[in-house]
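Chain by chain, the residues run as shown.
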Amino acid sequence: MTPHPLDPLSADEIRLVAAALRREHGVGDGWRFALIDLHEPEKGALKAGGPPREAVVHLWKRADRMAHRAVVSIDDERVVAFEAVPGAQPNVTIDEYHEADVALRKDPRVIEALAARGITDMDLVLIDTWAFGAHLLPEEHRDRRLGWADVWRRAEHGANPYANPVTGLHLIVDMDAMELVEIEDDGAIDEPAPMGEYVPRLVPGQTQRSDLRRYDVAQPDGASFTLDGNLLTWQRWSLRVGFNGREGLVLHTVGYEDGGRVRSVAHRMSFAEMVVPYRDPTTDHQRRTAFDIGEWGMGFMTTGLELGCDCLGEIAYLDAVLHDSAGEPYDIPNAICIHEEDAGVLWKHVDEQAGTEVRRMRRLVVSFHATVANYEYLVYWRFYEDGNIECEVRATGIMVTTHFAGEQPPYGTLVDERTYAPTHQHFIVARLDLDADGEENTVVASSSEALPVGPENPHGLAVVQRSDPLRTERAGMQDYDWASQRSWKVVNERVRNGLGTPVGYKLVPGAAIPPMLDPSSPVLQRAGVLAHTLWVTPYERGERWPCGELVVQATQDLGLPAWTIADRPIADTDVVLWYVFGIHHVTRPEDWPVMPVDTVSFWLKPVGFFDRNPALDVAPPH
Ligand SMILES: [Cu+2]
C-alpha cells in the first residue's frame, strides 16, 4: 500500500534508506545511524500532491569523529544529499548508552572506586550515562564524543537504583572508544539509608489499600472514532497521527469539519525540544542539563502502553517503528494510545420553565509515554467537541537525589535522611504550525488593560482588550504577562465569521515558567529559546529544531536565536509558533520515592473561529 506522504517511515523504508547509504557512501562498521526520519515534504508540495518520499538521516563516523547529514530518496532508492557537518554531533543512541554501560562496569578503576565504598556486587550497580554541555568538557578531551555517568546502587535485585546515589563518583566516557577517560571521585561519605523503594514488596511495613471498588469503563457499542491507517476522525475533528525517534508523537493536518467543509486548525504540532537544567552547581549536578529531545529523542525513549493501567476503555493502539544505530528497524508495540474519555459537564443551564439542559463532555485523547532514565513524561493531546485542544504533560518517575554529610546544600529540598532532591526545571518547546482556516495568519498579542479612573470611567471598572499584531520576528518574541492576562490569537484576516470578524485560534498560555538564567549562562547560550515564552517565525521547511538540529555538545543555539536575527516579517503569512512551557520543579518530600504526576498544560481555543458555541448540537446523554 502506498503510504500517505506524512506517514512515519516503515521498517522496509528504514532498511532501504540504510542500504542506500551503505552502498553509496560505505556507511557501515565504524558508523552510527543516529536518526533515520521522514523528510517531511514542503507544505506546498504536499498540497500539490505526490511529493517525493524522502528520509533525512543523521550519521556519526566514529573514526573521524564526524557528523554527517544525508537525504535519501525512497522512491529512487538513492542518496540525494550527503554532507559532513564539522564540529557537530548527532543525538546519542540507545546502543551507545548500553555499550558505555558494558565498558564502564568492567573498568578496574570503577570497580575499585565502588569497592572502596563497600559495593562489590556489580549486578546491583546502575551506570547512567548522560550527554553534557561543551562548557564542561575536560579541556584535553574536547574533540571527543563524551558522556558522563552517575552511578547508582540497588539495595537488592529489583530494588530501585535511584534510591541510592553513589554520591561524589562520576565517570567521563569516550562514546567512540568506549573507554573511561576520567574518573571523578570526591571520596566516600558516610552514606545514609533512605527509604527509596516503591515496588510494594520492598516498602517496609506497607499494606496496600483494599477499599476501592471496581471501576470499569464500558463502551458496549465500541469507540466513536475511526482510524484509517494514520488518519483519525472523531466528532468533526480529523488529524493524522505521526511519530518519529526525535519528537515522539506528531500530529498533522488537524482540522474541524464545519458546514460541510474541513477547516484547518494546524498543519503540524509536536514537541521540538525539552531542556532540563538542574539548578544545583555542586559536582554531583553541574553537568545535569538534559536536552531530552535533541540529545536522546522522545521517540527512542517511548515505552509501550498497557490496557487497564495506562488507558481505560475502547483503545486503539499504534505501534512505532524506530531503528538501532546499525540502521536496523525495530517496533515499539502500543507506542501511541488513542481513546475517548468522559470529561464531566460540557455545558448546562437550569431554567424555571425550560427545566435542565445539560450535556456531557467527551474528549478524544492521543497520547504516548516516554521513560527517560529516572523520569517519565506522559503526553496527552486532547480534542474537545467545542473546538478546544488541550496539550497536557504529566511528569512522574523518580527524582534525582544526593546524599550529604554535614550541612545540606541550599539547592534542593530534604526528602529523606540526609538526602536532598535538587531544584530543577523542565522546559518543553512545543512547535505549533497553526493554520487558522488557511495558511495566511497573523499572531496578535491580546492583553487586557484597566483604564484610569476619569469622567468616562468614574468607578474604575473599565477594562478594554488591546490587540497588537506581531509583524516581525522581533515583535514575535513574547513573554508571559500575568498583569494583562496576555494570550496570543492566530487570526486569519482573509476569512471572516458570520459576525464579520476574522476567524482565529487562541494560544492560552498555561504553565509558562521563567528561565532564571543569566544571559552569560552556557545553558542559555545553548538554549536561547528559553529566554521567551513565545516565538513566532514564518514557516520554513528546514526550521524544525529550536536549539539547533544537532545539539549534542553544542556551545550555541543555532535554532531560533539564529533564524530570528533576520527579523523576518510574520504578518499575514504562514506562521509557526514556538511555545515554551513546563515545570519549575521545587521538589517536595511527597515527590519521593516515586513522584505523583506533576501536571501542566496549555490550551488552543477557537476565538471567533465559529459564529457561536459549536457544541450546541451535542446530544444529551443516552
Ligand atoms: Cu522534575
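Everything numeric here is computed off the predicted structure, so don't read it as measured data.

Peer 1: Before we go on, may I ask you to explain the sheet that holds strand E4 (residues 78–85) in this structure?
Peer 2: Hydrogen bonds along the backbone pair up the strands of a sheet, which may run parallel or antiparallel. Strand order across the open sheet formed by 4 strands is E1-E2-E3-E4, with antiparallel pairing between neighbours. Strands with a single pairing partner mark the edges of an open sheet, and in this sheet they are strand E1 (31–39) and E4. With direction set aside, neighbouring strand axes in the sheet form an average angle of 20°. When strand E3 (residues 66–73) meets E4, the two strands line up antiparallel, connected through 7 bridges. By the bridge assignment for E4, Arg-69 is matched with Glu-83.

Peer 1: Just to check I follow, could you spell out the nonpolar core for this structure?
Peer 2: Side chains of nonpolar character tend, in soluble globular proteins, to be buried together. Trp-381 and Leu-432 are the most contacted members of the largest nonpolar core, which totals 114 residues. Of all the elements, strand E13 (residues 261–277) adds the most residues to this core, at 6 residues. Ignoring any residue separated from it by four or fewer positions in sequence, one finds Leu-432 in contact with Arg-268, Met-269, Trp-381, Leu-507, Val-575, Val-576, Leu-577, Tyr-579, Phe-602 and Leu-604. Listed in part, the 23 residues of the second largest apolar core include Ile-513, Val-523, Leu-560 and Trp-578.

Peer 1: Could you clarify how one ought to interpret a nonpolar patch on the surface in this entry?
Peer 2: A contiguous nonpolar surface patch, about 320 Å² in accessible area, is contributed by Tyr-215, Val-217 and Leu-312. Note on placement: Tyr-215 falls in the loop between strand E8 (179–185) and strand E9 (226–228).

Peer 1: Would you explain helix H3 (residues 94–105) in this entry?
Peer 2: Residue pairs spaced three or four apart in an α-helix point in one direction, given the helix's 3.6 residues per turn. With 12 residues, H3 ought to run about 16 Å at 1.5 Å a step, and its terminal C-alpha atoms sit 17 Å apart, in line with that. Within H3, the full set of buried residues consists of Glu-96, Tyr-97, Ala-100, Asp-101, Ala-103 and Leu-104.

Peer 1: Before we go on, may I ask you to explain helix H4 (residues 108–115) in this structure?
Peer 2: Of the positions making up H4, those classed as buried are Val-110, Ala-113 and Leu-114. Burial along H4 is one-sided: seen end-on, the buried residues are contained in an arc of 95°. Turned more than 90 degrees away from the buried face of H4 sit Pro-108 and Glu-112, all of them exposed. Looking at the buried residues of H4, the elements they touch are H3, strand E5 (125–130), strand E6 (146–153), strand E7 (165–174) and E8. In this structure Asp-107 caps H4, since a side-chain oxygen of it lies 2.8 Å from the backbone nitrogen of Arg-109.

Peer 1: So what exactly am I meant to see when it comes to the coordination of the copper ion here?
Peer 2: Around a metal, the idealised angle for a tetrahedral arrangement of four donor atoms is 109.5 degrees; for an octahedral arrangement of six donor atoms it is 90 or 180 degrees. Distances from the copper ion to its protein donors, Tyr-375 (OH), His-424 (NE2), His-426 (NE2) and His-585 (ND1), fall within 1.9 to 2.0 Å. Bound by 4 donor atoms, the copper ion shows angles of 93 to 142° at the metal and therefore irregular coordination geometry. Within one chain, the residues serving as donors to the copper ion are arranged as Y-x48-H-x1-H-x158-H. Here Tyr-375, found in strand E19 (residues 375–384), pairs with His-426, found in strand E24 (residues 424–434); they are 51 residues apart in sequence, far enough to count as distant. When its relative accessible area of 1% is taken as the criterion, His-426 is described as buried.

Peer 1: Hey, could you run me through the pairing of strand E22 (residues 412–416) in this one?
Peer 2: As judged from the 4 bridges shared by E22 and strand E23 (residues 419–422), these two strands associate in the antiparallel manner. Each bridged residue has a counterpart across the sheet, and for Asp-416 the counterpart in E23 is Thr-419. Between E22 and E23, which pair antiparallel and follow one another directly, the connecting turn spans 2 residues, one of which, Arg-418, has a positive phi of 45°.

Peer 1: Honestly, the pairing of strand E20 (residues 389–397) in this entry has me stumped. Any pointers?
Peer 2: Walk down a regular strand and you will see the side chains alternate between the two sheet faces. Among the 9 residues that make up E20, 8 are buried, leaving the element largely enclosed by the rest of the structure. Sheet topology note: the E19/E20 ladder contains 9 bridges and is antiparallel. Counterpart to Val-379 in the pairing with E20 is Val-393. Here E19 folds back onto E20, and the loop between the two strands holds 4 residues, one of which, Gly-387, carries a positive phi near 90°. As defined by bridge partners, E20 adjoins strand E31 (residues 595–606) across 8 bridges and the pair is classed as antiparallel.

Peer 1: Just to check I follow, could you spell out the packing of aromatic side chains for this structure?
Peer 2: Two numbers describe a pair of aromatic rings. These are the distance of the centres and the angle of the planes. For the structure shown, the criterion picks out 21 aromatic pairs. Plain terms: the ring middles of Tyr-256 and Phe-610 are 5.0 Å apart, the flat faces sit at 65° to each other, and that makes the pair edge-to-face. Here Tyr-256, found in strand E12 (residues 248–258), pairs with Phe-610, found in the segment after E31; they are 354 residues apart in sequence, far enough to count as distant. Taking the relative accessible area as the measure of exposure, Tyr-256 reaches 3% and is therefore buried. Judged by centre distance (5.7 Å) and plane angle (35°), the ring pair of Tyr-375 and Tyr-377 falls under tilted. Exposure remark for Tyr-377: the relative accessible area of 2% places this residue in the buried category. Ring pairs connect the aromatic residues Trp-237, Tyr-256, Phe-383, Tyr-505, Phe-609 and Phe-610, which therefore count as one cluster. Over the aromatic face of Tyr-380 sits the side chain of Arg-394, whose NZ or CZ is 5.6 Å from the ring centroid.

So, how was this worked out
Residues numbered from 1 in each chain as written. Predicted model: local features only at pLDDT ≥ 70, side-chain atom pairs only at ≥ 80, totals over all residues. Heavy atoms only, no water. Pairing = 2+ DSSP bridges. Helix = DSSP H or I, 4+ residues; strand = E, 2+ residues; numbered from the N terminus. Axes fitted to C-alpha atoms, helices over the stretch in contact; angles between N-to-C directions. Core = buried A, V, L, I, M, F, W, Y, C linked by side-chain atoms within 4.5 Å. Buried < 20%, exposed > 50% of the residue type's maximum accessible area, 1.4 Å probe, protein only. Contact = heavy atoms within 4.5 Å. Patch = residues over 30% accessible without salt bridge, like charges linked within 9 Å, V, L, I, M, F, W, Y side chains within 5 Å. Areas by Shrake-Rupley, 256 points an atom, 1.4 Å probe, with all protein chains shown as cover. Salt bridge = Lys/Arg side-chain N within 4 Å of Asp/Glu carboxyl O. Expected span 1.5 Å × (residues − 1). Arc of directions from axis to C-beta. Polar contact = N/O pair within 3.5 Å; in protein donor to acceptor, adjacent residues only side chain to side chain. Donors = N, O, S within 2.8 Å, 3.2 Å for Na, K, Ca; no water. Tetrahedral: all angles 85-135°; square planar, octahedral: opposite > 155°, others 65-115°. Phe/Tyr/Trp six-rings, centres within 6.5 Å; stacked < 30°, edge-to-face > 60°. Lys NZ or Arg CZ within 6 Å of the ring centre and 35° of its normal.

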